[in-house]
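# Chain and residue survey
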Amino acid sequence: MDEKNISGIDDRRGKGGLKMAFYKMDFYSKTLQKDTDVLVSAPDKTNRESNVVYLLHGGGGGGGTDNKSWLNQKDRLQKWAEEYQTFFIMPSAPDSFFANTCKGIRYQDYMLDELIVQIPELFRVSKDRLRTAVAGMSMGGTSAFRLGMAAPKRFGAIGCLSSGNLWMNSLSNQVHAYAVKNIFGVERIEDIEGTKYDFFVDALRNIRENLPLPHIFHACGQQDHALPHAHSTAEWFKSNAPEYDYNYYEPNLGKHDDAFWCKWMPKFLSFFIGLTN
């Protein structure tokens, strides 16, 4: 992570005079071998090292959706940063599932070996795994599961909204046709079962090797097209990995949209903060 440039996007006073800020950090990633950026929503003047959530954006089917989508939620993110005394770190990984792709782009290595190593050096965030979470919606939710299971010593909590393990429903062959070919490098989405892209593999390894198990918060509305992935993932954990603190919610009302995510993200944050309070 070289030549860091941190610029403020917004700066304001919250309740009680607490200063909140929204930053954009531009830098060159040695892992990705290209320029990239991270958005940061942060409370200021905290009296201790803050909790931190690595918040992962959704995908766009090859259209290039990236972390700029969070700018539409900037006010909410700043409100949550104050209310929960939490930093939100929002990296950019367009249509990648934050994975080491079949094309050789190493987003997972960037996240686990570069970004989360450097962030505590730049901001006053805790290195305690129980105060470090990875969460996301849609593509970001699946990615949060995969990164959290791949690095259980780093993440104490996983938050997944509106997603699950993709290979469990063949509908992904249409919805995620771009990912099947360009990220996972397989013919059918079902072919990722048992590979490095299947987070169940790491989930079982964590149990087998007696590694710390992340606490999981998982929610998907019944009107969401991703419900089959989410429901099947919940059934898998219940049957195959009961050792996890796995909390699944399937509300009657809930679509694949900002309204659902903005309602359920605070529920995840309360769950996460409750791990150490």
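Going by the structure above, here's the rest.
The structure contained in this document is the topic of the report that follows. (Residues numbered from 1 in each chain as written. Predicted model: local features only at pLDDT ≥ 70, side-chain atom pairs only at ≥ 80, totals over all residues. Heavy atoms only, no water.)

### With respect to the packing of helix α2 (residues 107-122) against helix α3 (residues 139-150)
Remark: α2 packs on α3, axes separated minimally by 11 Å, with the N-to-C direction vectors making an angle of 50°. Here α2 lies oblique to α3, going by the angle between them. In this structure, the crossing between α2 and α3 has a hand that is right-handed. Residues Gln-108, Met-111 and Leu-112 of α2 form the contact with α3, whose participating residues are Arg-146, Leu-147 and Ala-150. Each residue belonging to the contact of α2 with α3 can be placed in one class, and the counts come to four nonpolar, one polar and one charged. (Axes fitted to C-alpha atoms, helices over the stretch in contact; angles between N-to-C directions. Helix = DSSP H or I, 4+ residues; strand = E, 2+ residues; numbered from the N terminus. Parallel < 35°, antiparallel > 145°, perpendicular 65-115°, else oblique. Left-handed = near helix turned anticlockwise from the far one by under 90°. Contact = heavy atoms within 4.5 Å. Nonpolar A, V, L, I, M, F, W, Y, C, P; charged D, E, K, R; others polar.)

### Notes on unusual backbone geometry
One non-glycine residue, Gln-33, lies in positive phi territory at about 60°. Turning to its location among the elements, Gln-33 is positioned in the loop between β2 (19-29) and β3 (34-43). Non-glycine residue Phe-98 carries a positive phi angle of around 50°. Relative to the helices and strands, Phe-98 is located in the loop between β5 (86-91) and α2. Take Phe-98: its relative accessible area is 1%, and that puts it in the buried class. (Buried < 20%, exposed > 50% of the residue type's maximum accessible area, 1.4 Å probe, protein only.)

### Brief notes about the pattern of salt bridges
According to the stated counting rule, one finds eight salt bridges in the structure shown. A salt bridge links Lys-24 to Asp-26; its shortest N-O distance comes to 2.4 Å. Take Lys-24: its relative accessible area is 22%, and that puts it in the partly exposed class. Judged by its relative accessible area of 24%, Asp-26 is partly exposed. The salt bridge partner of Asp-113 is Arg-154, with a shortest N-O separation of 3.9 Å. Of this pair, Asp-113 sits in helix α2 while Arg-154 sits in the loop between α3 and β7 (157-161), and the two are 41 residues apart along the sequence. (Salt bridge = Lys/Arg side-chain N within 4 Å of Asp/Glu carboxyl O.)

So yeah, pure geometry; function would need other evidence.
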